[in-house]
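# Report on the structure
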Amino acid sequence: MSNSTLKYIGKRLVISLITLFVILMVLFLMVKFLPGSPINNEKLSASARAAIEAQYGLDKPIPVQFVRYIQNMLTGDFGVSFNLYKDMQVSSLVGSAAKLSMIYGLCAVIIGTVIGMFLGVFAALHKNTIWDTIATVISVIGVSIPSFVFAMLILLLFASKLRLLPTSYSSSNAIKSSIMPILALSVGVIANVARFTRTEMVSVLTSEYMTLAKAKGLDRKTLIFKHALRNALIPVITYLGPQVAFTLCGGFVVESVFSIPGLGRYFVQSIQNRDYPVIMGTTIFLATFIILM
């Protein structure tokens, strides 16, 4: 590995660490200035509330709390849940929830990529026809409608009206109850991959080297799959890196819609319950994941 490559990697790592630190600092301040308190039991006396705040270190000045949080985080200690799962380690909670969220996100990206590539290639090969128009309309709709809106629409259709699929996640029937969430998450991926693939395929099919390949007498199948598609997929593959992270983030609300015990459900519940350590833990995990991708 050359010195310039090492220098570039080192520079990117430093920028990533600075970005993560800024996110952490802003997030910590936002959480602290949220209205209300995590110690929201009205039955507690003032002295009991003060004792609990002292137990969790909430009685210290905000700068002291922040420095202490950073120190603990560097040792792998993200604190304990205040309300959702009393005194449960946030690292354990986020770790178990992240596995399920990752499975849903990766399945959505894989399915969305395959369907999107097929749709994009089909549209490019039928450029300026009714089929190209239909594929383009599908892509525009997929980009325009947020995943959680699509989730509610298919929930209304397949669960409430047709009663073909369960309305919420069930570990005893995980496959069947995962169809709608994965479908909802994959819509955006399908639309974006289809748009990228079509644009690149049209560009490649009209390039000079494709004209040369046709002149050599190569058959249509070889031209499309060996030459055109291979080159058209380069920007699509580049796009898929951050798309994995954004699909995981977009799954937050979708998970809440289908009552999936993933990161999204804990994140929403932690905000509602002012559970500061869980808010911090889930957000730091996602921020780190996005930066790495």
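Preceding this paragraph is the structure being described.
Residues numbered from 1 in each chain as written. Predicted model: local features only at pLDDT ≥ 70, side-chain atom pairs only at ≥ 80, totals over all residues. Heavy atoms only, no water.

With that settled, the discussion passes to the nonpolar core. If you look at the biggest cluster of nonpolar residues, it comprises 53 residues, and the most contacted ones within it are L24, Y69, M201 and M280. Sorting the residues of this core by element identifies α1 (3–32), α3 (62–74), α4 (90–125), α7 (174–205), α8 (208–215), α9 (220–257), α10 (263–272) and α11 (276–292) as the ones contributing at least two each. Counting residues per element, this core draws most heavily on α9, which supplies 13 residues. Dropping the residues within four chain positions of it, M280 is found in contact with L24, L27, F28, V31 and Y69. (Core = buried A, V, L, I, M, F, W, Y, C linked by side-chain atoms within 4.5 Å. Buried < 20%, exposed > 50% of the residue type's maximum accessible area, 1.4 Å probe, protein only. Helix = DSSP H or I, 4+ residues; strand = E, 2+ residues; numbered from the N terminus. Contact = heavy atoms within 4.5 Å.)

Right, let's talk about a nonpolar patch on the surface for a bit. On the surface, V14, I18, F21, V22, M25, V26, L29, M30 and F33 cluster together into a nonpolar patch covering about 840 Å² of accessible area. On the basis of relative accessible area, L29 is assigned to the partly exposed category, the value being 37%. (Patch = residues over 30% accessible without salt bridge, like charges linked within 9 Å, V, L, I, M, F, W, Y side chains within 5 Å. Areas by Shrake-Rupley, 256 points an atom, 1.4 Å probe, with all protein chains shown as cover. Salt bridge = Lys/Arg side-chain N within 4 Å of Asp/Glu carboxyl O.)

A few words now on empty space enclosed by the protein. Rolled over the atoms, a probe as big as a water molecule pinpoints where empty space is left. Tallied over the entire structure, the rule returns one cavity of 30 Å³ or more. If you trace the largest cavity, you find it lined by S101, Y104, G105, L185, T247, L248, G251 and E255. Looking at the lining of the largest cavity element by element, the count peaks at four residues for α9. (1 Å grid on protein atoms, 1.4 Å probe; cavity = no way out; pocket = protein on both sides within 12 Å on 5 of 7 lines; lining within 4 Å. Points joined across faces, edges and corners; volume = space filled by probe spheres on them.)

All right, on to helix α6 (residues 147–161) then. Taking 1.5 Å of rise per residue, 15 residues should cover 21 Å, and α6 covers 20 Å from first to last C-alpha, within 8% of that figure. Of all the bends in α6, the greatest, near 30°, is centred on L155. Of the residues making up α6, those classed as buried are A151, I154, L155 and A159. Positive backbone phi, approximately 55°, marks R163, located one or two places after α6. (Expected span 1.5 Å × (residues − 1). Bend = angle between axes of the 7 residues up to and from the residue.)

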